[in-house]
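# Secondary and tertiary structure notes
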Amino acid sequence: MSRSQRLLDLLQLFRCHKYPVSAEHLADKLNVSIRTIYRDIATLQAQGADIQGEAGVGYLLKPTFTLPPLMFSTSELEALLLGASWIAKQGGDEFEESARNAIAKISAVLPPDHKAKFIEDVFRVAPAQEEVAKSGQLSEIRHAIKQQQKAKIHYLDLKDNRSERVIWPLLVGLFQHHQVLVSWCENKNAFRHFRLDRIEQWLCDEGSYSVDRRVLIKQWQQEQGIRDKDIRY
């Protein structure tokens, strides 16, 4: 086992304990010496992990510590920062503040000379050429998806035809200029895509899906020819 993997495993062990745990117990779990555990704890503390305790008493990881820089390689951190930058500029108001907070938190735990801090010297996310079409119901839509809750909508399509639908919202796709809701439509008895900015009214229904959401997403993927690795839940 590499040292970096052992440090990650040690962090995970700490997260599994709500009360102080002895170095002997940690050493037994990781199959290393107690001296190694002491050295690893010192390394994690130097990386910013709030591990409190002492030999003979036990050690405890405070829950405030969630993102040590050693958990990600430089290229992984660069990908995270670029992705958050894209969301901040392209994702609309719903995610902009969260994305910028994520960038700040990642940057805060990196050493001053960490290569990922200079990602914008190599890559730059361009601002959206057009304002992202927004929906005032996005928070309600996200809640309905998580709860697998049906909804009644009034929809205006691209030909300006209005319709009322009962849908099972499954997931939201973020595109450069639009946000699109993938749903099962009871009226059409088929999967349908709805632009969020063209949903004129959103009413949550008391009913829930009769089929598990993940099963429906699998069926939608098959219809669209989308592979598992192309989608995240």
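A brief report on the enclosed structure follows. Since this is a predicted model, take the numbers as computed values, not measurements.

## Examining the overall build of the protein chain
Per the secondary structure count, the protein chain includes 7 helices and 7 strands. Counting from the amino terminus, the protein chain carries its helices and strands in the arrangement α-α-α-β-β-α-α-α-β-β-β-β-β-α. Put simply, the protein chain has 233 residues, and 37% of those count as buried. Sequence separation of at least 24 residues holds for 56% of the intrachain contacts in the protein chain that already meet a minimum separation of 6. Surface summary for the protein chain: the accessible area is close to 14,300 Å², and the carbon and sulfur share equals 49%.

## Side note on the pattern of salt bridges
Scanning the model with the defined rule gives 6 salt bridges in all. The partner of D40 in a salt bridge is R3, and the shortest N-O contact between them spans 3.7 Å. One end of the pair, D40, is in helix α3 (residues 34–46); the other, R3, is in helix α1 (residues 3–15), with 37 residues separating them in the sequence. Classification of D40 as buried rests on a relative accessible area of 0%. Residue class for R3 comes out partly exposed when judged on its relative accessible area of 41%. E186 serves as the salt-bridge partner of K150, at 2.8 Å between the closest nitrogen and oxygen. Here K150, found in strand β3 (residues 149–156), pairs with E186, found in the loop between β5 (179–185) and β6 (190–195); they are 36 residues apart in sequence, far enough to count as distant.

## Thoughts on α1
Along an α-helix, residues three or four apart share an orientation, since each turn contains 3.6 residues. Helix length check: α1 (13 residues) gives 19 Å between terminal C-alpha atoms against 18 Å at 1.5 Å per residue, within 8%. Inspection of α1 places R6, L7, L10, L11, L13 and F14 among the buried residues, and these make up the whole buried set. Taken around the axis of α1, the buried residues stretch over an arc of 160 degrees, which confines them to a single face. Those residues of α1 that are buried lie in contact with α2 (23–30), α3, β1 (51–54) and β2 (58–61).

## What to know about the packing of aromatic side chains
Taken as a whole and assessed by the stated rule, the structure comprises 5 aromatic pairs. Here the aromatic rings of W168 and W184 are separated by 6.5 Å at their centres, their planes lie at 45 degrees, and the arrangement is tilted. With W168 in strand β4 (residues 162–174) and W184 in strand β5, this pair connects stretches of sequence that are 16 residues apart. In this structure W184 comes out as buried when scored by relative accessible area, which is 16%. Look at W168 and Y209: their rings are 5.7 Å apart centre to centre, the planes differ by 15 degrees, and that puts the pair in the stacked class.

## Structural notes on the sheet that holds β5
The strand order across the open sheet formed by 5 strands is β6-β5-β4-β3-β7, and the pairing between neighbours is antiparallel. Two strands bound the open sheet, and with one partner strand each, they are β6 and β7 (199–208). Across the sheet, the mean angle from the axis of one strand to that of its neighbour is 45 degrees, orientation sign disregarded. For β3 and β7, the ladder comprises 6 bridges, and the chain directions are antiparallel. Following the sheet pairing, Q149 is matched in β7 by S208. Docked against the sheet, helix α6 (residues 138–147) engages β3, β4, β5 and β7, running at close to 80 degrees with respect to β4. Sheet strands in contact with helix α7 (residues 213–224) are β4, β5 and β6, and its direction is about 90 degrees off that of β4.

## Section: the packing of α1 against α3
The contact between α1 and α3 brings their axes to 10 Å, and the two run at 85 degrees. Regarding the angle of α1 to α3, the classification is roughly perpendicular. Facing R3, R6, L7, L10, L11 and F14 of α1, the residues of α3 in contact are T36, I37, R39, D40, I41, T43 and L44.

Parameters and conventions
Residues numbered from 1 in each chain as written. Predicted model: local features only at pLDDT ≥ 70, side-chain atom pairs only at ≥ 80, totals over all residues. Heavy atoms only, no water. Helix = DSSP H or I, 4+ residues; strand = E, 2+ residues; numbered from the N terminus. Buried < 20%, exposed > 50% of the residue type's maximum accessible area, 1.4 Å probe, protein only. Contact = heavy atoms within 4.5 Å. Areas by Shrake-Rupley, 256 points an atom, 1.4 Å probe, with all protein chains shown as cover. Salt bridge = Lys/Arg side-chain N within 4 Å of Asp/Glu carboxyl O. Expected span 1.5 Å × (residues − 1). Arc of directions from axis to C-beta. Phe/Tyr/Trp six-rings, centres within 6.5 Å; stacked < 30°, edge-to-face > 60°. Pairing = 2+ DSSP bridges. Axes fitted to C-alpha atoms, helices over the stretch in contact; angles between N-to-C directions. Parallel < 35°, antiparallel > 145°, perpendicular 65-115°, else oblique.

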